[in-house]
Every structure is written in structure tokens, then in C-alpha cells.
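In case you want the letters, here they are:
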Amino acid sequence: ISNSEGDLLFLLDSSGSVSYYEFSRVKEFMWDLVQPFAFGPKDVQTSIIHISTTPTMEFPFDRYLSSGTLQQAIRDTQQLMGDTNTGKALSYAKEKFFSDEAGARPDVPKVLVWVTDGFSTDDISEPMQLLKDMGVTVFIVSTGRGNYLELSAAASQPPEKHLHFVDVDDLPIITKELRDAILDVIQANRLHAVDITSSSFRLMWPKLLSQETGYYTLEYAPIDDLARKRTNQVSGAHTSLTLSNLAPETTYEVALIPESNVHYFPPQTTRVTTLAEEISPAQVLISESGPHSFHVSWAPTLDSVIGYQILYGPLPGNSVKLLEVDGKHNSTVVENLAPNTTYLVTVTAIYKSGREKSLSAKACTQE
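Attention in this report is confined to the structure presented alongside it.

Cut-offs applied
- Residues numbered from 1 in each chain as written.
- Predicted model: local features only at pLDDT ≥ 70, side-chain atom pairs only at ≥ 80, totals over all residues.
- Heavy atoms only, no water.
- Salt bridge = Lys/Arg side-chain N within 4 Å of Asp/Glu carboxyl O.
- Helix = DSSP H or I, 4+ residues; strand = E, 2+ residues; numbered from the N terminus.
- Buried < 20%, exposed > 50% of the residue type's maximum accessible area, 1.4 Å probe, protein only.
- Core = buried A, V, L, I, M, F, W, Y, C linked by side-chain atoms within 4.5 Å.
- Contact = heavy atoms within 4.5 Å.
- Axes fitted to C-alpha atoms, helices over the stretch in contact; angles between N-to-C directions.
- Parallel < 35°, antiparallel > 145°, perpendicular 65-115°, else oblique.
- Left-handed = near helix turned anticlockwise from the far one by under 90°.

1. Some remarks on the pattern of salt bridges
Considering all chains together, one arrives at 10 salt bridges under this definition. Salt-bridge contacts for D7 lead to R105; the nearest nitrogen and oxygen are separated by 2.8 Å. Pair noted here: D7 is in strand 1 (residues 6-13) and R105 is in the loop between helix 3 (86-97) and strand 4 (110-116), with a separation of 98 residues, a long-range link. Given a relative accessible area of 1%, D7 falls into the buried group. A relative accessible area of 11% means that R105 is categorised as buried.

Written out as C-alpha cells, the structure is:
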């Protein structure tokens, strides 16, 4: 996951109330959570503060800037034991951590992930609020019982997106959901892509302009053929645009240039790779079955498909008939069938590249 710039701080419960087994499982969870990110001064930077009698920094944000070194650093992290002084650790994070001396960057999103067994021996409400007032987004993962009201007040709002209660052995269940939520925070102020298919994606960016103050110029091209650059102009009122008719399995370089008549805004860039050609989701649906016909439908149409072939025949048997459907449609009616008969239906997508992909389903006509 590149083009995601943010400082991610783990507040790790390292006190004596956490067993060695729980501590090791939490370390695995932390690594699984960050493993897909790209690390570096223009990507994600990660750091750890131990919650103990006295808060301790395991390593600053700018020390480990590759997957391998960060994984080893998390693996080498040792439990400190001591008291659960979370409030002290939060104050330490505010004073020392989101600062130049700890390697934090001034203009990137800040995210705090607090992994706890649910208890603290000192007050957390005031130091947590001070962190949130600085613009830090707070996620809390409680592996113990904990006080729901206290933790939901401590987490960023809404709590259903920022607070998780989960047994330590079930941490993998929430990994993707939490990672996606962190990504939403990190990418909110940057140009990024969503709804990526084999032939399209939707670009989203923060609201920088209005209809009165300017417009956006969007430039995009395959990175291995930048001469094929295409340009779109978009009203300043917009914060998204869908690009279509793209090549599958291709990485595009995209630049958003805000053309403002009030302020200068630097261009934002991102890279987006389209998916492989496929019918997605992989499903053929049969409906409206009667004695002599049924309705066949498949996935939404893709720009890269020029047509579909529908082969159908009774089971058992080898008598097969063919229907051809334009690539703009994703359903058809198969008629002149025998009643009370099972048919095998195969839908084949014919792509502009000449490649083909097929999916099959069984269908029964009524008596």
C-alpha cells in the first residue's frame, strides 16, 4: 500500500497485568496490521510507546523505514512489566512523540492505536483529549473486559469505527477492518483511488477548491508509456472522478493539479494498478425459471469485455446451443427449452485483448 503518508503510533500495554502469551500475540497483530504498508519519509512511519510504570519509547518514527527492519524491531520488543500508567504514556506521546525529535512529520495525518487489556491505574481522559485536540485519530483495541463507557469516550468518534473489543486469540478477525479504517484517515487528505476494477477506478481527493475559486486538471498515463498521457478538467466543486476504458493489470501515474485563483496548492500524485480481467464477482445467476425458459444474469459489465457467449445444453447429454450477447449487457433469456430438465449454462466473457474467461451454473426448468 503506497501513496499513504502518515505517522502511526502504537501505545502498547507492557505492564505486569499482561501475560507473556498475550504480549506475544499483540506483537503479531501489530506486525500483521502494518505489514502491507510502504514505509519511508514519504509513506508510513511507525513507532511504539510502552505503557508501564514509566512510559518508554521502543524506537522513534524515522528509525525503521523498510518492512524487514520494522518486522524485526517489533519481534525484538520486550515486555517491561510494572504498572499500567496509560495516562502518563499519553502525556509522553503528546509532549515528546508527535515531535521532530521523535521523527514525526508536521503535516501528515497522526494515528494512535492503543492496544490494552482494558485497565489503567491513572486517569486517561485529559491527556487523551489533548492528543485528539492536536488532530490525532485514536483507535482502541481492548483484549480484556474494560469499561465500555470510558473507552468509547477515549476513542475517536464514532466509537463503532474506532473501538474494538476482541479476545487476544481473535485479533486477526479485526486486522483488515482496522487497517482499512487507518487507511481512510491517512488517505483522507490525499489523492487516492477506490472501486478499482480491471478497466476503471474512482479517484477521490480533499475539498481544496469551490466552483468559484478554480478547477482541477487531472493527468494520467501508464507508467511504462507516459507519452500516452490523458487530461481531464474537473469543476472545483468536485472531489471525485471515475476514470474508465483503462487497460487491465496496468499501473497508472495520476496527477491532480488544483488550478486556484486564490491560493497555490501543490499537485498531488498517486499510482493505481488496475485488476486482472475477470467477471467479478465470480457468479452466474439463474432466475425466473419456467417450463420452457429461464433468465441468466452475470456480473456488471466491464469496459474491457466486447461480448459474452452463453452455451447451454441438457444434462446428461452433449447437445449444446449458443447465444451471443453484446458486451454492454449482463443478462439474457434462454428460451425454447424442455420442461422439467436440468441444463448446464456457461457464460464466457470475450475481452478486447482476445482472452476469454468462463463461468458455469446449473439451471432447472419447471414441470
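2. With respect to the nonpolar core
By size, the foremost hydrophobic cluster in this structure holds 34 residues, and its most contacted members are V34, V113 and I182. Mapped by element, the contributors of at least two residues to this core are strand 1, helix 1 (20-34), strand 2 (44-51), helix 2 (67-75), strand 4, strand 5 (136-142) and helix 7 (171-187). No other element matches the eight residues that helix 7 contributes to this core. Excluding its chain neighbours within four sequence positions, the residues that come into contact with V34 are L8, F10, F39, T46, L70 and I74.

3. So, the packing of helix 1 against helix 2
Helix 2 packs onto helix 1 with a crossing angle of 165 degrees between their chain directions and a minimal axis gap of 9 Å. By the angle between their directions, the pair helix 1 and helix 2 is classed as roughly antiparallel. Our pair here, helix 1 against helix 2, has a crossing hand that is right-handed. Contacts from K27, M30, W31 and V34 in helix 1 reach S67, L70, Q71, I74 and R75 in helix 2.

4. Things to note about unusual backbone geometry
The omega torsion across Q157 and P158 is -5 degrees, close enough to zero to call that bond cis. In this structure, P158 sits in the loop between helix 5 (148-154) and helix 6 (159-162). A cis amide bond, omega -15 degrees, links L315 with the succeeding residue P316. The residue P316 is located in the loop between strand 16 (305-314) and strand 17 (321-326) in this model. For E249, which is not glycine, the phi torsion reads 50 degrees and is therefore positive. Among the secondary structure elements, E249 is positioned in the loop between strand 11 (240-243) and strand 12 (251-260). The exposure class assigned to E249 is exposed, which follows from its relative accessible area of 52%. The residue N340 is not glycine, and still its phi comes out positive at about 55 degrees. Here N340 is to be found in the loop between strand 18 (331-334) and strand 19 (342-351). According to the relative accessible area criterion, N340 is exposed, its value standing at 53%.

Read these as spatial facts, not as claims about activity.
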